[in-house]
Amino acid sequence: MAASPRRPRGSPSDLYQEVTDRMVAMIEAGAAPWRKPWTTPRLPGVPALPINAVTGQSYHGINVLMLLPLSMLFGDPRWCSYRQAETRGWQVRHGERGTPICFYKRLEILPEDRADLRGMVDDGEEGMRTIPLLRRSTVFHASQIDGIPSLEEAYGAGEPLPEAVWEGEAHLEALLARSGATIDHRGYRAYYQPSEDRIVLPPRARFPSAEAYYGTAFHELGHWTGHERRLNRPFSFNRSAPDYAREELRAELASAFLNAELGCHHDLEEHAAYLAIYLDLLRQDKKEIFRAAKDAQAIADLIL
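Residues numbered from 1 in each chain as written. Predicted model: local features only at pLDDT ≥ 70, side-chain atom pairs only at ≥ 80, totals over all residues. Heavy atoms only, no water.

(A) Summary view of the overall build of the chain. Along the backbone of the chain there are 9 helices and 9 strands. Out of the 304 residues belonging to the chain, those deemed buried represent 39%. (Helix = DSSP H or I, 4+ residues; strand = E, 2+ residues; numbered from the N terminus. Buried < 20%, exposed > 50% of the residue type's maximum accessible area, 1.4 Å probe, protein only.)

Written out as structure tokens, the structure reads:
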């Protein structure tokens with residue numbers, strides 16, 4: 001049997017798979033950049049898509065998808081490498097994890113090496129050839145860097161995009177208030193923080209409709225019920241951990257139960273990015289959906 005052709009150093013095959021797996025993981029974890037039921041205010045001069053904070057060059061292709069979730073989350077499109085930050089006197093904070101990006105580097109191929117690169121170069125041409133080689137780099141978001149100028153300093157002050165206007169619904173507001181949950185409206189993220197027993201939602205005006213707001217609020221209220229003083233469920237902040245997926249499934253089912261009971265529209269499409277991790281759980285354990293539904297009913301009952 002003939003030996004398989006030798007791969008050049010820095011072969012892109014694993015990196016292609018790594019990027020593909022990362023994108024799948026982002027979607028499974030509900031972090032797909034095209035899924036977010038609220039808008040993020042943006043100053044007129046600030047780019048909409050990820051951009052290098054040092055060179056001013058925009059990222060393209062797969063790197064846009066890799067970097068867009070954090071850009072949207074914090075309303076800041078700026079990224080740069082550790083060394084680039086150093087050249088400006090900025091400092092990536094200790095312990096921060098970078099985000100991988102990809103770029104192509106031209107690799108020169110000598111005629112005597114072409115036998116080892118079958119399928120990567122055109123055998124019909126002679127002399128020196130070059131092929132694009134996919135390489136990896138690591139960048140950090142502006143929110144991870146101390147000393148980086150504010151958006152206003154970098155792009156100038158201005159009026160942010162207009163905010164949405166919608167009417168709250170009294171019976172839903174009363175239910176949120178009666179829960180006793182502490183709900184703060186600030187920032188550009190929606191989450192429940194167990195250590196502080198606090199729900200954080202973006203400002204109401206950032207949601208395009210009452211449905212988007214209450215759907216998100218009741219989802220986070222579902223997480224709130226898991227505190228040790230209430231229904232005492234395990235929390236995990238590792239998006240790849242089974243406990244994370246289990247908790248998200250329960251909060252999502254409870255949100256659907258609540259919205260159905262209260263006559264509030266529940267748009268499952270907004271949460272479609274979570275379906276992949278839900279499916280993984282259900283495929284691994286045929287009883288999981290029964291446990292999840294039971295827990296979700298307990299969540300809904302407690303809130304109601």
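(B) The nonpolar core, seen in detail. One finds Leu-176, Ile-199, Tyr-213, Tyr-214, Phe-218 and Leu-221 to be the most contacted residues of the largest nonpolar core, which totals 25 residues. Only helix H5 (170-179), strand E9 (198-201), helix H6 (210-224), helix H7 (242-262) and helix H9 (288-303) provide two or more residues apiece to this core. By residue number, the principal contributor to this core is H6, which donates 8 residues. Counting 9 residues, the second largest nonpolar core, distinct from the first, contains Val-54, Ala-85, Trp-90 and Ile-148. (Core = buried A, V, L, I, M, F, W, Y, C linked by side-chain atoms within 4.5 Å.)

(C) Representation of the packing of H5 against H6 within the structure. The geometry of H5 relative to H6 is characterised by a closest axis approach of 12 Å and an angle of 20° between their N-to-C directions. Considering their axes alone, H5 and H6 lie roughly parallel with respect to each other. For the crossing formed where H5 meets H6, the hand is left-handed. In this structure, H5 uses Leu-172, Glu-173, Leu-175, Leu-176 and Ser-179 to contact H6, whose residues at the interface are Tyr-213, Tyr-214, Ala-217, Phe-218, Leu-221 and Trp-224. For the contact of H5 with H6, the residue count by class is 9 nonpolar, 1 polar and 1 charged. (Axes fitted to C-alpha atoms, helices over the stretch in contact; angles between N-to-C directions. Parallel < 35°, antiparallel > 145°, perpendicular 65-115°, else oblique. Left-handed = near helix turned anticlockwise from the far one by under 90°. Contact = heavy atoms within 4.5 Å. Nonpolar A, V, L, I, M, F, W, Y, C, P; charged D, E, K, R; others polar.)

(D) Region of the structure containing the packing of aromatic side chains. Summed over the entire model, instances satisfying the criterion amount to 4 aromatic pairs. Note on Phe-207 and Tyr-213: the rings are 5.3 Å apart at their centroids and 85° apart in plane angle, and the pair reads as edge-to-face. Like Tyr-213, Phe-207 is buried. Residues Tyr-213 and Tyr-214 carry aromatic rings whose centres are separated by 5.1 Å and whose planes lie at 75° to one another, so their mutual orientation is edge-to-face. For the cation-ring pair, Arg-230 lies above Trp-224, with the distance from its terminal atom to the ring centre recorded as 3.9 Å. (Phe/Tyr/Trp six-rings, centres within 6.5 Å; stacked < 30°, edge-to-face > 60°. Lys NZ or Arg CZ within 6 Å of the ring centre and 35° of its normal.)

(E) Region of the structure containing the side chain of Asn-63. Structurally, Asn-63 can be placed in helix H2 (residues 62-74). By relative accessible area, which is 8% here, Asn-63 ends up buried. Those residues in contact with Asn-63, other than ones at most four positions away along the chain, are Ile-101 and Cys-102.

(F) Structural detail: the sheet that holds strand E2 (residues 78-80). With mixed pairing, 4 strands are arranged side by side in an open sheet as E1-E2-E5-E4. If you trace the sheet from one side to the other, it starts and ends with strand E1 (51-52) and strand E4 (99-109), each paired once. Sheet topology note: the E1/E2 ladder contains 2 bridges and is parallel. Looking across to E2, one finds that Asn-52 is bridged to Trp-79. The strands touched by H2 are E2, E4 and strand E5 (129-141); relative to E4, the strand with the most contacts, the crossing angle is about 155°. (Pairing = 2+ DSSP bridges.)

(G) Inspection of the side chain of Arg-233 at higher detail. Inspection of the secondary structure assignment puts Arg-233 in the loop between H6 and H7. Given the relative accessible area of 10%, Arg-233 is considered buried. A distance of 2.8 Å separates a polar atom in the side chain of Arg-233 from the backbone oxygen of Gly-222. At a separation of 2.8 Å, a polar atom in the side chain of Arg-233 contacts the side chain of Glu-247. Residue contacts for Arg-233: discarding those within four places in its chain leaves Gly-222, His-223, Thr-225, Gly-226, Glu-247, Arg-250 and Ile-299. (Polar contact = N/O pair within 3.5 Å; in protein donor to acceptor, adjacent residues only side chain to side chain.)

(H) Structural view of the pattern of salt bridges. Under the defined criterion, the tally for this structure stands at 12 salt bridges. The residue Arg-229 makes a salt bridge to Asp-197 at a minimum N-O spacing of 3.0 Å. One end of the pair, Arg-229, is in the loop between H6 and H7; the other, Asp-197, is in the loop between strand E8 (191-193) and E9, and 32 residues separate them in sequence. A relative accessible area of 14% means that Asp-197 is categorised as buried. (Salt bridge = Lys/Arg side-chain N within 4 Å of Asp/Glu carboxyl O.)

(I) Broad picture of H2. In the structure, H2 departs most strongly from a straight axis at Leu-68, where the bend amounts to approximately 45° and where the proline Pro-69 lies between one and four residues downstream. Of all the residues in H2, the buried ones are Asn-63, Val-64, Met-66, Leu-67, Leu-68, Pro-69 and Ser-71. Looking one or two residues beyond H2, the residue adopting positive phi is Gly-75, at roughly 65°. (Bend = angle between axes of the 7 residues up to and from the residue.)

(J) Fine view of unusual backbone geometry. Non-glycine residue Asp-197 carries a positive phi angle of around 50°. Notably, Asn-232 is not glycine yet its phi reads approximately 55°, a positive angle. Its location among the elements puts Asn-232 in the loop between H6 and H7.

(K) Structural context of H5. Among all positions in H5, only Leu-172, Leu-175, Leu-176 and Ser-179 are buried. All buried residues of H5 lie within an arc of 95° about the axis, which places them on one face of the element. More than 90 degrees from the buried face of H5, the exposed residues found are Ala-170, Ala-177 and Arg-178. (Arc of directions from axis to C-beta.)

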